[in-house]
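Residue-level structure breakdown
Listed below, chain by chain, are the residues.
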Amino acid sequence: MINKNDLSVCIFLKLEQLRRESNPNFSYQNIEDVLYKVIWKNGMPNHINDAISDIIGLTSEKVIQILSTLAIIDGYHDDLSNYEDVIGGNK
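Residues numbered from 1 in each chain as written. Predicted model: local features only at pLDDT ≥ 70, side-chain atom pairs only at ≥ 80, totals over all residues. Heavy atoms only, no water.

1. Description of the side chain of E32
Looking at the secondary structure, you find E32 in helix 2 (residues 28-39). Salt bridges are absent for the buried E32, whose nearest opposite-charge side chain, K4, sits at 4.2 Å. When near neighbours in sequence (up to four residues on either side) are disregarded, E32 contacts K4, I11 and K37. (Helix = DSSP H or I, 4+ residues; strand = E, 2+ residues; numbered from the N terminus. Buried < 20%, exposed > 50% of the residue type's maximum accessible area, 1.4 Å probe, protein only. Lys, Arg positive; Asp, Glu negative; His and termini not counted. Salt bridge = Lys/Arg side-chain N within 4 Å of Asp/Glu carboxyl O. Contact = heavy atoms within 4.5 Å.)

Below, the structure is given as structure tokens:
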């Protein structure tokens, strides 16, 4: 079984590459969300080389696409009162 801490350096290196090449606003949490909530949603790979391959294969386009989809899903499940400051609540 792969230890989550074993992958942190690889995730960090990929994050820095994505920040440098495309979007300086990406965060470590963004990359973790993409990996754990989507790519590995059915469980992490059995071998560390497969997990590293998944991390290295991330592109900024893929990360943005997945994060956008996750935001839409989260927004769908949220209560409208969470967005009163944006849509104007009863004041």
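Still more ground to cover, so stick around.
2. Focus: the nonpolar core
One finds L7, I31, L35, I55 and V63 to be the most contacted residues of the largest nonpolar core, which totals 17 residues. If one sorts the elements of this core by residue count, helix 1 (residues 4-21) sits on top with five residues. Those residues within four positions of L7 in sequence are excluded, and the remaining contacts are I2, Y36, W40, M44, I48, A51, I52 and I55. (Core = buried A, V, L, I, M, F, W, Y, C linked by side-chain atoms within 4.5 Å.)

3. A few points about the environment of E21
Its place among the elements puts E21 in helix 1. Judged by its relative accessible area of 57%, E21 is exposed. A C-alpha to C-alpha distance of 8.6 Å links E21 and S60, two positions 39 residues apart in sequence.

4. Observations concerning helix 1
Between its terminal C-alpha atoms helix 1 stretches 26 Å, which fits the 26 Å expected from 18 residues at 1.5 Å a residue. Against helix 2, helix 3 (48-56) and helix 4 (60-77) lie the buried residues of helix 1. Capping the start of helix 1, N3 holds a side-chain oxygen 2.9 Å from the backbone nitrogen of N5, two or three residues further along. (Expected span 1.5 Å × (residues − 1). Polar contact = N/O pair within 3.5 Å; in protein donor to acceptor, adjacent residues only side chain to side chain.)

5. A closer look at the packing of helix 2 against helix 4
Packing of helix 2 against helix 4 leaves a shortest axis separation of 10 Å and a crossing angle of 70°. Overall, the two elements helix 2 and helix 4 adopt an arrangement that is roughly perpendicular. On helix 4, the residues that touch N30, I31, D33, V34, K37 and V38 of helix 2 are V63, I66, L67 and L70. Residues of the contact of helix 2 with helix 4, tallied by class, amount to seven nonpolar, one polar and two charged. (Axes fitted to C-alpha atoms, helices over the stretch in contact; angles between N-to-C directions. Parallel < 35°, antiparallel > 145°, perpendicular 65-115°, else oblique. Nonpolar A, V, L, I, M, F, W, Y, C, P; charged D, E, K, R; others polar.)

Function-wise, these values are silent; they only describe arrangement.
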